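Residues per chain are reported as follows:
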Amino acid sequence: GNSYVKETLRAFVPIVLSRGSVQISAFIDQSIASSLGESIVAGMSNAQTLYLLPISLFGMSISASELPEMSESTNDEIHKRLRVALRRVVFLVVPSAVAFVAIGGPMIAMLFQGGRFGAHDTIVVWLILSGSAIGLSAGTQGRVLNSALYAIKKPRLPLYAALVRIAITGGAGYLLAIPLRHTFHYSEAWGAFALTASAGVGAWVEFLLLDRMLGRHIGKVPVPGKLGLGCLAAAALAGAAGFGVAHLVAGHRIVRGIASIAVFGAIYLGVMSAARVPEAASLLGRFGRRRA
């Protein structure tokens, strides 16, 4: 009994800090953004609301569901579970990141624009969200790799990777948003973009570190690179179509937002289904069962 309690207490702090790297990075971004003005702080908050959605819906839910299963699995079984989990994350999160860049404007206008929140505010939030999109896939895949490291009882390794991510977010974010902005005279909005983009770079570094750390213990991690490129290509096509529709459809901002999202989703799923990607067939099958 006591040995389990001691093990839990030893793992508690590393797990809390490594799991919270996304939130800590967001807090650092908000702190630095306070030097860029109140409108940028508000824009960062709105952008983070959207950015955290796919992480919470896909990254956290999938990694949380896999942790208990992987804890009782052999290395070969962990490999199999990782392969399935990472494919699901990539299939769902890569298009989310592309959508933030391609149709982020119509989405933000649909959700936030009105009253004191004007068209300029929409552009600022879109710019900030585009920076956040850079690290979205890495951050969510990193959640799954974290769970695998916890499952093999290596809770300190994700902490080291998280600390590197936080250092990059804080150091590069500060340099790009404040001293370099003053030197090269770019706007506060672009300074905020640099903040979130540097956090995205930090997320990729964290992911690569986790991949290497986990690989040392269970062998090569089955990261779905080929699927990721396919998802990126399909999402880019869907994004171009969604962007075009948003600018061609006349009507209220809500109508344009819904139209762009619908076209984006339909084309992405259509292309992935035509390519016979199993995750697309599974998702469409679920929709079919719900209708029935």
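Residues numbered from 1 in each chain as written. Predicted model: local features only at pLDDT ≥ 70, side-chain atom pairs only at ≥ 80, totals over all residues. Heavy atoms only, no water.

### Let's talk about the overall build of the protein chain
In terms of helices and strands, the protein chain carries 13 helices and zero strands. Shown N-terminal to C-terminal, the secondary structure of the protein chain runs as helices and strands in the order α-α-α-α-α-α-α-α-α-α-α-α-α. Whereas a compact globule of 292 residues would reach a radius of gyration of roughly 19 Å, the protein chain reaches 20 Å, a difference of no more than 12%. Dimensions along the principal axes, computed over C-alpha positions, put the protein chain at roughly 60 × 55 × 30 Å. Counting the 292 residues in the protein chain, one finds 47% classified as buried. Sequence separation of at least 24 residues holds for 80% of the intrachain contacts in the protein chain that already meet a minimum separation of 6. Carbon and sulfur atoms provide 66% of the accessible area of the protein chain, an area that totals close to 14300 Å². The distance from the centre of the 26 positive side-chain charges to the centre of the 13 negative ones in the protein chain is 4 Å. (Helix = DSSP H or I, 4+ residues; strand = E, 2+ residues; numbered from the N terminus. Rg over C-alpha atoms; globule rule 2.2 N^0.38 Å. Buried < 20%, exposed > 50% of the residue type's maximum accessible area, 1.4 Å probe, protein only. Contact = heavy atoms within 4.5 Å. Areas by Shrake-Rupley, 256 points an atom, 1.4 Å probe, with all protein chains shown as cover. Lys, Arg positive; Asp, Glu negative; His and termini not counted. Charge placed at Lys NZ, Arg CZ, Asp CG, Glu CD.)

### Some points on the nonpolar core
One finds L82, F91, L145, L214, C231, Y268 and M272 to be the most contacted residues of the largest nonpolar core, which totals 71 residues. With 14 residues, helix α4 (residues 75–102) is the single largest residue contributor to this core. Ignoring sequence-local partners within four residues, the contact set of M272 consists of F91, L227, G230, C231, A234, V277 and A280. (Core = buried A, V, L, I, M, F, W, Y, C linked by side-chain atoms within 4.5 Å.)

### As for unusual backbone geometry
The residue K153 is not glycine, and still its phi comes out positive at about 65°. Among the structural elements, K153 can be located in the loop between α7 (136–151) and α8 (156–177). In this structure, R276 is a non-glycine residue whose phi angle is positive, near 60°. Checked against the element boundaries, R276 lands in the loop between α12 (253–274) and α13 (278–291).

### Some words on a nonpolar patch on the surface
Residues Y174, L175, L176, L180 and F184 make up a contiguous nonpolar surface patch of about 470 Å² in total accessible area. Take the nonpolar patch: its biggest share by element is three residues, from α8. Inspection of the secondary structure assignment puts L175 in helix α8. (Patch = residues over 30% accessible without salt bridge, like charges linked within 9 Å, V, L, I, M, F, W, Y side chains within 5 Å. Salt bridge = Lys/Arg side-chain N within 4 Å of Asp/Glu carboxyl O.)

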